[in-house]
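Single-letter residue listing:
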2 protein chains.
Amino acid sequence: MRIGFIGLGIMGKPMAKNLLKAGHELKVYDVVRGNMEELVDAGAWAAGSAKDAAAQAEVVITMLPNSPHVKTVVLGKDGVLEGAGEGTILIDMSSIAPLASQEVGKACEARGVRMIDAPVSGGEPKAVDGTLAVMVGGDKAAFEQVKEEILLKMAATAVHCGKLGAGNTTKLVNQVVVALNIAAVSEGFMLAKMAGVDPELVYQAIRGGLAGSTVMDAKVPMILEKNFKPGFKIDLHIKDLNNALETAHQVGAPLPLSAEVLEMMTNLHFDGNGNDDHSALAKYYGKLTGESI
Amino acid sequence: MRIGFIGLGIMGKPMAKNLLKAGHELKVYDVVRGNMEELVDAGAWAAGSAKDAAAQAEVVITMLPNSPHVKTVVLGKDGVLEGAGEGTILIDMSSIAPLASQEVGKACEARGVRMIDAPVSGGEPKAVDGTLAVMVGGDKAAFEQVKEEILLKMAATAVHCGKLGAGNTTKLVNQVVVALNIAAVSEGFMLAKMAGVDPELVYQAIRGGLAGSTVMDAKVPMILEKNFKPGFKIDLHIKDLNNALETAHQVGAPLPLSAEVLEMMTNLHFDGNGNDDHSALAKYYGKLTGESI
């Protein structure tokens, strides 16, 4: 298919590459022109704007940092909607606020563009391997049309969760759970440390039971080795938790614990730890005790 | 071996039965005399007191509700230390405060009784199957002596984590992590519900990713079915979180999120939900929103 791909950051670049490998024809765009080089070398066309990337494309994919970027790139001057023809499918794979998805979706509808929101989980390694998890909301027929040929070339799973915005709501739930599961091991293992029990032994003793989690197996070894190379950065988790709280405030959902973890992460951001992996939340407990797990 | 087994509640009864099945000779005691019947029918001797159960035993096992019960049964009148001979091994399998273990251990040492603390994780089903996880602190030689023949007749794993009290510290870490992982799914899935996205679809979309956990797979289906049959009761988790906070306050570990979950569980206790499974923490979020996940 002819795909316009906009946003070639850490995630977008390998995702676009996997679409090229799958035999799609890509026209790519990024505000940082240098980000396009690798893709152009690999066989993609270079676009001069988002509008240009969208023109004549059957499918437009956006992979951008947050809600304002998506609004600008889709709705703004020289944006997707100026270029996209009627019937084009817009797949916004950015992780943004669900209500922003719905706002953008309305404008798309008025122009005959069919939008789905399809944020991903899995981070850079899974983007490279093409094994991301995609959570989708919006036009079900459009989803079915792009699922096999496009989404599953970048991802291992793609689940349709409901109306437009449902993909991002699902992603926010994911980020709330991950944040609290990281807080759980940080809080628990600091208790072990302060009580004089070797956290490594505690890990071995409890990982197979009800306390076990993907976070525990992925992050506790990192915390014990003091290896906070991302992975997924604290600053990005701050963005997602802010979006979760904004959404929660709009729909009346209480997030008391997530709000507290957001405060912890924000405190770490101001300490200069924003580019650490989110497992560096353990450092917050370290600041409070003067010890590291 | 000749084993005195004290405390035949929901957990103690099946654990004692597995020891009988393994060919050990048991003398059992419980303050509720009726609790002894099943074991006596299965071939155990009935003791008239904890002292009586401990007399002539090579190993004494206690499986009691909380720290005060262990202190009374071991140190009190007609207690274990009045009956136990020098060299007896005391295995306290109750989940109690680590400092209480150390206090009891000191009195044992003065009488030549070798103590290990060995709380379990896994609940009644795993107690019946003999597949509990045991976390152990204290006399390492005593641990090695009873590991194969006794502990692994009741459990699938038994890990030595450090000095006396380390077993209970490890159990508290386990309970902190489990409590926060339950809070994570409660908070996350209520966000999905309030935002109008089907929690069942969210579960399918995120369970395979970084948000996945044993708690998610064990408890989210229960929460979605509104099935809060225990499992592990809220009232017992309240006890464990109180012990965790007491310990944390003594060693200088911060448990801000666990303290908040304890408040939530305590609120549910006063609503009459203390005998519900701990996954009923979701009901707290239900009270705040007037909706159920």
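Residues numbered from 1 in each chain as written. Chains lettered and ligands numbered in written order. Predicted model: local features only at pLDDT ≥ 70, side-chain atom pairs only at ≥ 80, totals over all residues. Heavy atoms only, no water.

You'll find chain A entered in an unreviewed UniProt entry as 2-hydroxy-3-oxopropionate reductase, with Anaerotalea alkaliphila given as the organism. Turning to chain A, the UniProt annotation filed under Sequence similarities (unreviewed entry) states: "Belongs to the HIBADH-related family." (UniProt positions renumbered as here; feature names shortened; annotations may be inferred.)

Trainee: Outline the overall build of chain A, listing residues and values.
Mentor: Helices and strands together make up the secondary structure of chain A, namely 14 helices and nine strands. Expected size for 293 residues packed as a compact globule is a radius of gyration near 19 Å; at 20 Å, chain A falls within 12% of this value. Overall, chain A is about 65 × 45 × 35 Å in size when its C-alpha atoms are taken along their principal axes. Look at the contacts in chain A between residues 6 or more apart in sequence, and 67% of them connect residues 24 or more apart. Total accessible area computed for chain A in this model is approximately 10900 Å², and 51% of it derives from carbon and sulfur atoms. Averaged over its 27 positive side-chain charges, chain A has a centre that lies 2 Å from the centre of its 34 negative ones. (Helix = DSSP H or I, 4+ residues; strand = E, 2+ residues; numbered from the N terminus. Rg over C-alpha atoms; globule rule 2.2 N^0.38 Å. Contact = heavy atoms within 4.5 Å. Areas by Shrake-Rupley, 256 points an atom, 1.4 Å probe, with all protein chains shown as cover. Lys, Arg positive; Asp, Glu negative; His and termini not counted. Charge placed at Lys NZ, Arg CZ, Asp CG, Glu CD.)

Trainee: Before we move on, could you go through the domain arrangement of chain A and cite the residues and values that matter?
Mentor: All names here are of chain A. When its domains are assigned, chain A resolves into domain 1 (2–164) and domain 2 (169–289). Each of domain 1 and domain 2 has a C-alpha centre, and these two points are 29 Å apart. Contact with domain 1, which involves 13 residues of that partner, is made by 11 residues of domain 2. Buried surface at the junction of domain 1 and domain 2, summed over both partners, amounts to about 980 Å²; 57% is from carbon and sulfur atoms. If you look at where domain 1 meets domain 2, you find zero salt bridges. Across the contact surface, domain 1 and domain 2 share five residue pairs in polar contact (both at pLDDT 80 or more). Mapped by element, the contributors of at least two residues to the side of domain 1 that touches domain 2 are α6 (98–110) and β7 (120–121). Taken together, the residues of the side of domain 1 that touches domain 2 break down into nine nonpolar, four polar and no charged. (Domains from an automatic or database assignment. Buried area = accessible area lost by both parts, 1.4 Å probe. Salt bridge = Lys/Arg side-chain N within 4 Å of Asp/Glu carboxyl O. Polar contact = N/O pair within 3.5 Å; in protein donor to acceptor, adjacent residues only side chain to side chain. Nonpolar A, V, L, I, M, F, W, Y, C, P; charged D, E, K, R; others polar.)

Trainee: Got a sec to walk through the UniProt feature "active site" (unreviewed entry) in chain A? Specific residues and values, please.
Mentor: Residue and element names in this part refer to chain A. Mapped onto this numbering, the UniProt entry gives "active site" (unreviewed entry) at K171. Relative to the helices and strands, K171 resides in helix α9 (residues 166–194). A residue is classified by how much of its surface remains accessible, and K171, at 6% relative accessible area, is buried. Ignoring sequence-local partners within four residues, the contact set of K171 consists of S95, P119, V120, M135 and D240. (Buried < 20%, exposed > 50% of the residue type's maximum accessible area, 1.4 Å probe, protein only.)

Trainee: Describe the confidence of the model for chain A, with residues and values.
Mentor: Regions with low pLDDT carry predicted coordinates that are not meant to be interpreted in detail. Per-chain confidence: chain A averages 97 in pLDDT, with 100% of residues scoring 70 or above. For this predicted complex, the interface confidence comes out at an ipTM of 0.92, alongside a pTM of 0.93. (pLDDT = per-residue confidence, 0-100.)

Trainee: Any chance you could break down the relation of the copies chain B and chain A for me, citing the residues and the numbers?
Mentor: Mapping chain B onto chain A calls for a rotation angle of 180 degrees and an axial translation of 0.0 Å; the resulting RMSD is 0.0 Å. These values place the two chain copies in the arrangement generated by a two-fold rotation axis. Rotation axis and chain B: the residue whose C-alpha lies nearest the axis is S213 of chain B, separated from it by 1.9 Å. When the interface residues of chain B are mapped onto chain A, 100% of them again fall at the interface, so both copies present the same face. (Least-squares fit on C-alpha atoms with pLDDT ≥ 70 in both.)

Trainee: Kindly report on helix α1 (residues 12–21) of chain A, identifying the contributing residues and their values.
Mentor: All names here are of chain A. Burial analysis of α1 places eight of its 10 residues in the buried class, the great majority of the element. Three or more residues of α1 are buried, namely G12, K13, P14, M15, A16, N18, L19 and L20. Once α1 ends, the next one or two residues include G23, with phi positive near 100 degrees.

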